[in-house]
Amino acid sequence: MTAEQTVAPHRTGPVGGEPDEAAQQLYLAIIAEGGRIPCAGVADTDRGPLQQLIDIGLLMVNPVDRCYTAVSPRSVSDRLGAELRSEATRLLVRAENLPGALDGLTRAYDAMPRPSGRAGGAVHVEGHVHIRQRISQLVSDCRSEVLTAQPGHRPADTLQVALLQDVQLLQRGCSLRTIYQPVALAEPPALAYAAEVTRHGSLIRVLDEPFQRLIVFDRTVAVISASEDNSTAAFISDPATIAFLVGTFERDWARADTTEAAAALGQGPARTIPDRVGRLLARGLTQRAVATRLGLSERTVAAHISRLRDRYGAQTLFQLGWLMRGARDDR
């Protein structure tokens, strides 16, 4: 047998690995036995922790004596520290070289044809597919902040695409603030989206009144709907117009409710749609005004009102509002 064949195989465990609780307890038990235990003396339940200690380097196999011998944690720490520093240096070098490696792709992306219009004006994009593509590009290019106002219903497929983009946006260190109407957070897909982006640092508030759909990227490009069915969008780059839209967003944000958002995400007491209908009726709003405020159809609001009339024994809308005003909780 040659000298090379007698060398122990190199450790294959992860760089910088740390023993879990079970592995630490096994190591302490071996130390209590004098730092050495027979290979045949290891229980089956300890095989996992044993292999972990070997991978990390805290145990050494002695095939001659057929035993496991404890290794000083100090020497392991020194070795792992050196490996981590080497790995960190490698990653730093890779990070420094990455922009250059992707330079050709970056130049191609920047040169990609985009909708063009008058300087400082608005570019109209038609079709949901083209609108989503342009918004995806803006999300990708965003460097600091996105402001969004999302009234009404958001389709589940749209939310699925938005979730991937927005999580990546937040992971890059950008901020994301969104204003919803109460009805927008009444559906499972919207709640799942809101819960996930909130977990990554997004801020959400609920405004119980009408507002327009709006997205603002880095306060340099704003997107608004240019048709009733949202099939056309205007992409605005005029600084004065964007300043006005940002001011409108900040005004609505200051008046929006964090409690409603927390309730929708299961972090506080929930307020149901009928409760909101009744609360607005008690404030004197008409059926049409309630529908507009909540982003619901008048037929849906009429159904809620019918059930509320039965509950309160009211004959007229005025009587229902009066009775609910006396019974409502203004907390």
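Above this text is the structure in question.
Here's a quick rundown of the structure.

Section: the pairing of strand 9 (residues 221-225)
Link 1 in the chain: Two elements, strand 8 (residues 214-217) and strand 9, share four bridges in a ladder whose sense is antiparallel. Paired with Phe 217 across the bridge in strand 9 is Val 221.
Link 2 in the chain: Joining the antiparallel neighbours strand 8 and strand 9 is a turn of three residues, in which Asp 218 adopts a positive phi near 50°.
Link 3 in the chain: Where strand 9 folds back on strand 10 (residues 232-236), the antiparallel hairpin that results is connected by six residues, among which Asn 230 adopts a positive phi of roughly 60°.

What to know about the environment of Val 221
Link 1 in the chain: Along the polypeptide, Val 221 turns up in strand 9.
Link 2 in the chain: Look at Val 221 and you get buried, because its relative accessible area is 17%.
Link 3 in the chain: For the pair Val 221 and Cys 142, spaced 79 residues apart in the sequence, the C-alpha separation amounts to 9.9 Å.
Link 4 in the chain: Non-local contacts of Val 221, meaning those with residues more than four positions away in its chain, are made with Leu 138, Ile 215, Val 216, Ile 236 and Ile 242.

Some remarks on unusual backbone geometry
The phi angle of most residues is negative, glycine excepted, and most peptide bonds adopt the trans form.
Link 1 in the chain: Phi is positive for Asp 218, which is not a glycine, with a value near 50°.
Link 2 in the chain: For Asp 218, the position within the fold is in the loop between strand 8 and strand 9.
Link 3 in the chain: Residue Asp 218 is classed as partly exposed on the basis of its relative accessible area of 22%.
Link 4 in the chain: Positive phi, normally seen in glycine, also occurs at Asn 230, with a value near 60°.
Link 5 in the chain: Within the secondary structure, Asn 230 sits in the loop between strand 9 and strand 10.

Focus: the pattern of salt bridges
Link 1 in the chain: According to the stated counting rule, one finds 11 salt bridges in the structure shown.
Link 2 in the chain: A salt bridge links Arg 177 to Glu 145, with the shortest nitrogen-to-oxygen separation between them at 3.6 Å. A residue pair is termed long-range when its members are at least 10 positions apart, and Arg 177 in strand 6 (residues 175-180) and Glu 145 in strand 5 (residues 145-150) qualify at 32 residues.
Link 3 in the chain: Residue classification places Arg 177 among the buried residues on the basis of a relative accessible area of 14%.

Details of the layout of surface pockets
Link 1 in the chain: Put simply, the largest pocket is a space of about 1,100 Å³.
Link 2 in the chain: Lining the largest pocket are 43 residues, with Gln 150, Pro 151, His 153, Arg 213 and Asn 230 positioned closest to its centre.
Link 3 in the chain: Tallied by class, the residues present in the lining of the largest pocket amount to 19 nonpolar, 17 polar and seven charged.

A word on a nonpolar patch on the surface
Link 1 in the chain: Together, Leu 98, Leu 102 and Leu 105 line one region of the surface with nonpolar side chains, adding up to about 290 Å² of accessible area.
Link 2 in the chain: With respect to the helices, strands and loops of the structure, Leu 102 is situated in the loop between helix 3 (73-101) and helix 4 (103-110).

Calculation criteria
- Residues numbered from 1 in each chain as written.
- Predicted model: local features only at pLDDT ≥ 70, side-chain atom pairs only at ≥ 80, totals over all residues.
- Heavy atoms only, no water.
- Pairing = 2+ DSSP bridges.
- Helix = DSSP H or I, 4+ residues; strand = E, 2+ residues; numbered from the N terminus.
- Buried < 20%, exposed > 50% of the residue type's maximum accessible area, 1.4 Å probe, protein only.
- Contact = heavy atoms within 4.5 Å.
- Salt bridge = Lys/Arg side-chain N within 4 Å of Asp/Glu carboxyl O.
- 1 Å grid on protein atoms, 1.4 Å probe; cavity = no way out; pocket = protein on both sides within 12 Å on 5 of 7 lines; lining within 4 Å.
- Points joined across faces, edges and corners; volume = space filled by probe spheres on them.
- Nonpolar A, V, L, I, M, F, W, Y, C, P; charged D, E, K, R; others polar.
- Patch = residues over 30% accessible without salt bridge, like charges linked within 9 Å, V, L, I, M, F, W, Y side chains within 5 Å.
- Areas by Shrake-Rupley, 256 points an atom, 1.4 Å probe, with all protein chains shown as cover.

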